Amino acid sequence: MLDEIGTVDAVGIEERVAKYTTRSLKKASKVQGLKLAVSMIDLTTLEGKDTPGKVASLCRKAVRPSEDLEIPPVAAVCVYPSMVRHAKRHLAETPVKVASVATAFPSGQTPLKTRLAEVKSAVADGADEIDMVINRGAFLAGEFAEVQDEIAAVLENCGDAALKVILEVSELETYDSIRAASFLALRVLREGDFIKTSTGKTSLNATLGNNQVMIEAIRDFYLDNGIAIGMKPAGGIRAAKPALQFLVAVKETLGDAWLTNERYRFGASSLLNDLLRQIEKERTGAYPPPYYFSEAAESY
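Residues numbered from 1 in each chain as written. Predicted model: local features only at pLDDT ≥ 70, side-chain atom pairs only at ≥ 80, totals over all residues. Heavy atoms only, no water.

(A) Structural view of the confidence of the model for the protein chain. Model confidence for the protein chain is summarised by a mean pLDDT of 93, while 98% of its residues fall at 70 or above. The low-confidence segment residues 295-300, where pLDDT is below 50, has eight contacts with residues more than four positions distant or belonging to other chains. (pLDDT = per-residue confidence, 0-100. Contact = heavy atoms within 4.5 Å.)

(B) Spatial organisation of the sheet that holds strand E6 (residues 194-196). Spatially, eight strands are ordered E7-E6-E5-E4-E3-E2-E1-E8 in an open sheet, and the strand pairing comes out parallel. The open sheet has two free edges, formed respectively by strand E7 (230-232) and strand E8 (266-268), since each of these has just one partner strand. For this sheet, the mean inter-axis angle between neighbouring strands, taken without regard to orientation, is 25°. Here four bridges tie strand E2 (residues 76-79) to strand E3 (residues 97-102), and the two strands are oriented parallel to one another. Bridge pairing in E3 places Cys78 opposite Ala99. (Pairing = 2+ DSSP bridges. Helix = DSSP H or I, 4+ residues; strand = E, 2+ residues; numbered from the N terminus. Axes fitted to C-alpha atoms, helices over the stretch in contact; angles between N-to-C directions.)

(C) Spatial organisation of the pattern of salt bridges. Using the criterion set out here, one finds 25 salt bridges in the structure. Asp42 is the salt-bridge partner of Arg265, the closest N and O atoms lying 2.8 Å from each other. In this pair, Arg265 sits in the loop between helix H12 (240-253) and E8 while Asp42 sits in strand E1 (residues 41-44), placing the two residues 223 residues apart along the sequence. Both residues of the pair, Arg265 and Asp42, belong to the buried class. Among the ionic pairs, Asp193 bridges to Arg190, the shortest N-O distance being 2.9 Å. (Salt bridge = Lys/Arg side-chain N within 4 Å of Asp/Glu carboxyl O. Buried < 20%, exposed > 50% of the residue type's maximum accessible area, 1.4 Å probe, protein only.)

(D) Local environment of the environment of Thr197. For Thr197, the location among the structural elements is in the loop between E6 and helix H11 (208-225). Take Thr197: its relative accessible area is 0%, and that puts it in the buried class. In sequence terms Thr197 and Lys232 are 35 residues apart; their C-alpha atoms lie 6.5 Å from each other. Those residues in contact with Thr197, other than ones at most four positions away along the chain, are Ile166, Leu167, Glu168, Val169, Ala206, Asn210, Met214, Met231, Lys232, Pro233 and Ala234. From its side chain, Thr197 meets the backbone nitrogen of Ala234 in a polar contact 2.9 Å long. (Polar contact = N/O pair within 3.5 Å; in protein donor to acceptor, adjacent residues only side chain to side chain.)

In structure tokens form, the structure reads like this:
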């Protein structure tokens, strides 16, 4: 497969992403970038202690992150399948999507029939988007056709819901494997679907390096086929500064057409507050305390 799609120059990737960290956004451009990043967030809660009340609070914050009405809502709220109906009740009349992890997240280690049933249940309860995990065991065993067939089966059961395919890059180990897994998904997906780095449940999540490998795969696939697939780095992006670096990578690799939440997302739970703090700092010259926006959201 690598003979067909090409291998990854790991040194070249690291040199390129190092340059993104030297870019500097100032004044109005920085504020524009911060607000764009807010609009790209999949605000996420994936804990065993999730409750309908917690999801309701998250939905309120998703729709109105700040008292500043110039700050946009986030892209989606991402929850476990059992919480989809609760999220949908609060977001049905808003622009914020309901996303749900599925397919035995985060391990993917249940029979395919069980994984597909979970997808069907989430879609039936109103999920607009499904975040699935690939079968990493099958991929690492070289069973590429099996991995691709499973992605296709999940997509078929998504109906009109968008599909985000999680590669779990830390378990794929090499840039070559990440590129190969990206192409397995890209060749199945539709315009409006995504590939995604991570579940956020492993020790290594989204980095500028693995993000670069994946967006270059998206670029190469688009140039060959004309199908625009989205990208979602997830896990470990907690602060505004690295989020802006990811956006620089997108602009310089894929262009402005991908600088929209229809084609680029951040999987994050703590990133939003830091983006809001940075916006407030640009407006007033002073940072609000870290807890300010979490507490303020409770009153919206």
